[in-house]
Each structure stands twice: as C-alpha cells, then as structure tokens.
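Residues per chain, in single letters:
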Amino acid sequence: MSPEIECLVVAVNNCNGGVLEVQNDCADLLVFDGVAVASGETVVLDVVKEDEERRLVEISSNFSEYIPERDERVEVSGRLGNRDVAITFTKTAPLCE
C-alpha cells in the first residue's frame, strides 16, 4: 500500500483467488472504487474484471469469483479522508487445489 498508513491493515488471501481483507482503524472513511470502509470496520474485497478494467467489490466470504489463468498485477486507488492511497497486488492464478 502506498503510502504506508499505520492505521490501515491490508491482507491478501491468495489461496482462495486473491481477496483483500481491509481493516480501517483510522479516524477517516476509506473509499476504493465506490466501496466505503468506515472507521473501525473490516471488509473483504474482491477484484472483478469488466472488459480490460479491474475494480474492487465488497463480498461476504473469502472466496474470489474471479481467478485469472495467469498472475495479474492489480492496482487500485482510493481516498482516506483527504489523502490519496493506492494498493498494488498480484491476483494469482490458482495456487491451491
């Protein structure tokens, strides 16, 4: 994540297709692609592919619906209060059987 923000915790679960767990312990609202993560909340986000675009959506499990055939680099940007933030990660091809 850039810039590194101590009150935001982002974890990736690649075994189930590359979902992100985002924990917002900051005082400000975090917004990625229209998905809001309020202060004190933790959400699970998945990447969806629409044509050549990738965007994040909130999901209720830790299983991704989109698993690419080969690894893909994904970059998403958002805002934490009045600060710009970006997350870059690899959406992996299947790792676990």
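One structure accompanies this document, and this report is about it. (Residues numbered from 1 in each chain as written. Predicted model: local features only at pLDDT ≥ 70, side-chain atom pairs only at ≥ 80, totals over all residues. Heavy atoms only, no water.)

Of all hydrophobic cores here, the largest spans 20 residues; its most connected members are L20, L30, F32, L45, L56 and L80. Excluding residues that lie within four positions of it along the chain, L20 makes contacts with V10, A11, V12, V43, V44, L45, L56, I87 and F89. (Core = buried A, V, L, I, M, F, W, Y, C linked by side-chain atoms within 4.5 Å. Buried < 20%, exposed > 50% of the residue type's maximum accessible area, 1.4 Å probe, protein only. Contact = heavy atoms within 4.5 Å.)

Along strand β7 (residues 72-80), the buried face is formed by E72, V74, V76, G78 and L80; none of R73, E75, S77 and R79, which line the opposite face, is buried. When strand β3 (residues 30-32) meets β7, the two strands line up antiparallel, connected through 3 bridges. Its bridge partner being in β7, V31 is matched across the sheet by R79. Bridging between β7 and strand β8 (residues 83-91) involves 9 bridges; their strand directions are antiparallel. Among the inter-strand pairings, R73 is bridged to a residue of β8, identified as T90. From the end of β7 to the start of β8, which pair antiparallel, there are 2 residues, and G81 there has a positive phi angle of about 60°. (Helix = DSSP H or I, 4+ residues; strand = E, 2+ residues; numbered from the N terminus. Pairing = 2+ DSSP bridges.)

If you walk through the whole model with that rule in mind, you get 1 disulfide. Across the disulfide, C7 is cross-linked to C26 (sulfur-sulfur distance 1.8 Å). Sign of the S-S torsion, about 95° for the bond between C7 and C26, identifies this disulfide as right-handed. In this pair, C7 is assigned in the segment before β1 (8-13) and C26 in the loop between β2 (19-24) and β3, connecting sequence segments 19 residues apart. For C26, a relative accessible area of 4% puts it in the buried group. (Disulfide = S-S within 2.5 Å.)

Another point: the pattern of salt bridges. Counting across every chain of the model gives 3 salt bridges. As a salt-bridge pair, K91 and D46 come within 3.0 Å of each other at their nearest N and O atoms. Of this pair, K91 sits in strand β8 while D46 is found in strand β5 (residues 42-50), placing the two residues 45 residues apart along the sequence. The same class applies to K91 and to D46, which are both buried. A salt bridge links R73 to E75; the shortest N-O distance between them is 2.6 Å. (Salt bridge = Lys/Arg side-chain N within 4 Å of Asp/Glu carboxyl O.)

All we've got here are geometric facts, nothing functional implied.
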